Amino acid sequence: MQLSQPVQNITDGSDGWELLYKARDMKAAGRDVIELNIGEHDIHTDPLILEAMYQSALAGNTGYAMVPGQVDLRKTVADRIQARTGVPTEPENILITPGGQSALFAAHFATLNANDTALYIDPYYATYPGTIRMTGARDHAIAARSEDGFQPDARDIDRIALETSAKTLLINSPNNPTGAVYSEQTMTNVVTTCQTRDLWIISDEVYDTQIWSGTHMSPRQLDAERTLVVGSMSKSHAMTGSRLGWVCAPAHVISHLIDVATHTTYGVPGFIQDAALAAFSQGPEFEEQIAQPFRRRMNLALGILERSTQIRVLPPHGGMYLMLDIRATGKSGEEFALGLLETHGIAVMPGESFGAAAAGHIRIAMTVNDQDFTKALEQICAYVDHLCA
Ligand code: PLP
């Protein structure tokens, strides 16, 4: 018996996370491994949020929840987006989803027909190609260049959109894995190109509270009618396991996305939504507090790495990751990451896991305590010196 083509096409057999599994095996065998490969905070969800979740569940909010999201939460998310971007936003523009990942799928499913082409920028978050292929559409990556700080070039988007008759473009700023925050010029060029080629814009903004330099701009500020924004509390509130995200889009798009939710997830548990309300009620200071360790570690890392003449650092402008260009060692990202794991017990992600444009790079997640982080960065420098000697 054959399984469906879309389900077989989700991955190409390898999911790019082999190194993570190897690191886990080494740990299980008793070896000390510093894991700089995980996109998750080193703190747990705040007890205040958990208490709200518990009290809500105890009070009986355990039945089927409103599929589009509770009215109070949709309003809170809409008001927050309006306050952050200046774009008028109503609860009707919001669908609450189980995390940003399901929002990414819903957004593509709503805008693509089978065999349509969906564009995305390389380097990219690992699930992008599979998410697109699950809809039955074709995924097509557009390379951004390390030398341009991984800002996409709108002329490439224009050319490839024309060649492929693409229907959508997925962008991600602040970017995982590169730390790029699209400049106003980049965003303006990208949106103008999408208007010219009549593309839907799907904008993954799950790292929008982690900005280290520059300003976060949403393409929705330039064209709200063609933009579907994907948001999440995973990174902003250290709530990765709670699975709470959203799509923000024109009301007519949301009304169809509610149909998608009704026939897939059937919404998000009410006690999780109440926990989200409690988390939002803590205000921006709380979000800054969650983001703070990544800013601190980025500065620590830049201080250590400036001593290396061989590593080219791409200082991140946002997010929890740091990209290092290790091409001077003559190794691929994969070879380098494997060697580093075996010789020093340090796990990083090879750039190649995030697309061909990140080949010869490694991604460091700034998600371990400062002491281990500092030690690991120093050892990475020593390993590079050894390879280049
Ligand atoms: N988008 C990006 C760029 C990510 O890095 C992640 C998770 O790491 C997600 C989306 C999915 O986040 P979640 O489903 O936890 O909201």
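Please read these numbers as outputs of a predicted model, since none were measured by experiment.

Visitor: Is there a simple way to explain the sheet that holds strand E6 (residues 200-204) in this structure?
Guide: Pairing between the strands of a sheet comes from backbone hydrogen bonds, and it takes one of two forms, parallel or antiparallel. Read from one edge to the other, the open sheet built from seven strands follows the order E2-E8-E7-E6-E5-E3-E4, with strand pairing classed as mixed. A strand with exactly one partner marks an edge of an open sheet, and here the two such strands are strand E2 (94-97) and strand E4 (138-143). Each strand of the sheet is rotated relative to its neighbour by a mean of 20°, with strand direction disregarded. Pairing geometry for strand E5 (residues 168-172) and E6, over five bridges, is parallel. Each bridged residue has a counterpart across the sheet, and for Ile171 the counterpart in E6 is Ser203. Taken strand by strand, helix H8 (residues 184-196) contacts E5 and E6, and its axis lies near 165° from that of E5.

Visitor: Is there a simple way to explain the site of the ligand in this structure?
Guide: The ligand sits among 14 residues. The nearest are Gly100, Asp204, Tyr207, Ser232 and Ser234. Gln101 has a polar backbone atom sitting 2.9 Å from an oxygen atom of the ligand. One of the side-chain nitrogen or oxygen atoms of Asn176 is found 2.8 Å away from an oxygen atom of the ligand. Computed on the free molecule, the ligand has an accessible area of 400 Å², of which 93% lies beneath the protein chains in the complex. Here the shell around the ligand takes three residues from helix H5 (residues 99-111), the largest share from any one element. By residue class, the composition of the shell around the ligand is four nonpolar, seven polar and three charged.

Visitor: Help me understand empty space enclosed by the protein in this model?
Guide: To locate leftover empty space, one rolls a probe as large as a water molecule over the atoms. In total, this model carries one cavity of 30 Å³ or more according to the counting rule given. In this structure, the largest cavity occupies an estimated 40 Å³ of space. Contributing to the lining of the largest cavity are Ile121, Pro123, Tyr124, Tyr125, Tyr128, Leu170, Ile171, Asn172, Asn175, Asn176 and Tyr182. No other element matches E5, which puts three residues into the lining of the largest cavity. For the lining of the largest cavity, the per-class residue count stands at eight nonpolar, three polar and no charged.

Visitor: Explain the domain arrangement of the protein here, please?
Guide: Many authors give the size of an interface as the accessible area that is lost as the parts come together. Segmentation of the protein into domains returns domain 1 (5-44 + 285-383) and domain 2 (47-282). The straight-line distance from the C-alpha centre of domain 1 to that of domain 2 is 24 Å. On the surface where domain 1 and domain 2 come into contact, there are three salt bridges. Measuring nitrogen to oxygen at the nearest pair gives 3.9 Å for the salt bridge that ties Glu287 to Arg84. Counting across the domain 1 and domain 2 interface gives 21 residue pairs in polar contact (both at pLDDT 80 or more). Counting only elements with at least two residues in the side of domain 1 that touches domain 2, the list comes to helix H11 (283-305), strand E9 (312-314), strand E10 (321-325) and strand E13 (361-365). Take the side of domain 1 that touches domain 2: its biggest share by element is eight residues, from H11.

Visitor: Looking at this model, I keep getting lost on the pairing of strand E8 (residues 245-248). Mind explaining?
Guide: Working note: regular strand, side chains alternate between the two faces of the sheet. Every second residue of E8 is oriented toward a common face, with Gly245 and Val247 on one face and Trp246 and Cys248 on the other, all of them buried. Two elements, E2 and E8, share four bridges in a ladder whose sense is antiparallel. Pairing of Ile94 across the sheet is with Cys248, part of E8. Where strand E7 (residues 227-232) lies against E8, four bridges are found, and the strand directions are antiparallel. What sits directly across from Gly231, in E8, is Trp246.

Procedures and definitions
Residues numbered from 1 in each chain as written. Predicted model: local features only at pLDDT ≥ 70, side-chain atom pairs only at ≥ 80, totals over all residues. Heavy atoms only, no water. Pairing = 2+ DSSP bridges. Helix = DSSP H or I, 4+ residues; strand = E, 2+ residues; numbered from the N terminus. Axes fitted to C-alpha atoms, helices over the stretch in contact; angles between N-to-C directions. Contact = heavy atoms within 4.5 Å. Near = heavy atom within 4 Å. Polar contact = N/O pair within 3.5 Å; in protein donor to acceptor, adjacent residues only side chain to side chain. Areas by Shrake-Rupley, 256 points an atom, 1.4 Å probe, with all protein chains shown as cover. Nonpolar A, V, L, I, M, F, W, Y, C, P; charged D, E, K, R; others polar. 1 Å grid on protein atoms, 1.4 Å probe; cavity = no way out; pocket = protein on both sides within 12 Å on 5 of 7 lines; lining within 4 Å. Points joined across faces, edges and corners; volume = space filled by probe spheres on them. Domains from an automatic or database assignment. Salt bridge = Lys/Arg side-chain N within 4 Å of Asp/Glu carboxyl O. Buried < 20%, exposed > 50% of the residue type's maximum accessible area, 1.4 Å probe, protein only.

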